[in-house]
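# Remarks on the overall topology
Each chain, written out:
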Amino acid sequence: MKKVLCIAAFAALMAATPKEAAWISLFDGKTLNGWKVGNNAATFSVEDGAIVAHGQTAHLFYDGAVKNHNFKNFEFKADVMTEPGSNSGIYIHTQYQESGWPAKGYEVQVNNSHTDWRRTGSLYAVEDVKEVYVKDNVWFTEYVSVKGKHITIKINDKTVVDYTEPDNVQRPKDMAGRVLSSGTFALQGHDPNSKVHFKNIMVKPLD
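Residues numbered from 1 in each chain as written. Predicted model: local features only at pLDDT ≥ 70, side-chain atom pairs only at ≥ 80, totals over all residues. Heavy atoms only, no water.

What follows covers the pattern of salt bridges. Under the criterion given, the structure shown has three salt bridges. Between Lys 149 and Glu 165 there is a salt bridge, with its nearest N and O atoms 3.0 Å apart. Placement of the pair is Lys 149 in the loop between β9 (140–147) and β10 (150–155) and Glu 165 in the loop between β11 (158–164) and β12 (184–189), with a sequence separation of 16 residues. For Lys 149, a relative accessible area of 35% puts it in the partly exposed group. Residue Glu 165 is classed as buried on the basis of its relative accessible area of 2%. (Salt bridge = Lys/Arg side-chain N within 4 Å of Asp/Glu carboxyl O. Helix = DSSP H or I, 4+ residues; strand = E, 2+ residues; numbered from the N terminus. Buried < 20%, exposed > 50% of the residue type's maximum accessible area, 1.4 Å probe, protein only.)

Take the packing of aromatic side chains next. Summed over all chains, the structure comprises six aromatic pairs. With a centroid separation of 5.4 Å and an interplanar angle of 75°, the aromatic rings of Trp 35 and Tyr 62 are classed as edge-to-face. One end of the pair, Trp 35, is in strand β2 (residues 35–37); the other, Tyr 62, is in strand β5 (residues 58–62), and 27 residues separate them in sequence. Among the residues examined, Tyr 62 registers a relative accessible area of 5% and is labelled buried. Between the aromatic rings of Phe 74 and Phe 185, the centroid separation amounts to 5.0 Å while the plane-to-plane angle is 90°, which identifies the pairing as edge-to-face. Taken as a pair, Phe 74 in strand β6 (residues 74–82) and Phe 185 in strand β12 lie far apart in primary sequence, 111 residues in all. (Phe/Tyr/Trp six-rings, centres within 6.5 Å; stacked < 30°, edge-to-face > 60°.)

Here we have five strands laid out as an open sheet, ordered β2-β5-β12-β7-β8, and antiparallel in their pairing. Single-partner strands in this sheet number two, and they are β2 and β8 (106–110). Each strand of the sheet is rotated relative to its neighbour by a mean of 25°, with strand direction disregarded. Where β5 and β12 come together, four bridges link them in antiparallel fashion. (Pairing = 2+ DSSP bridges. Axes fitted to C-alpha atoms, helices over the stretch in contact; angles between N-to-C directions.)

Structure (structure tokens):
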């Protein structure tokens, strides 16, 4: 009888324990299905299982079915490789724009050797990283989590940004949209001299 009660208690405990969220792929490795780009669409292509950003300024927005492309609290990661002199970024809590730099959300910088001093892992123009933690022509993992007002950015499991957005944060007029809300992700094509590769693009929704 005691054994039956113990098994029943264990089963009840397991049922009551929340299951850990799973990683979900946002990129099929072959096509840009589930992604949307406006002007300069030719900037983005798929090569050798990776999304490549190379061309005129453009942004590729996740527009797929996962969470109806609207994320609030999440963990995100992608494997990234930069070619020398390249600049790019990963936007979070953003929304589709036909052209221009995304006005909504934050940019997480991808830049190991471009002339811009804000390096890979920077929460662009908010919490900047000057150190270079990874090399061009080498794959690395860029990780971003948002939990409430807290943003964590890691490069190859090393935390480079640990930022908490202040309550009632006030931004300069040209950065008015740089606040947490909810939204999708976007990859940046910065300029014709930049070539950046993205693969294994994954999200773990936390709500």
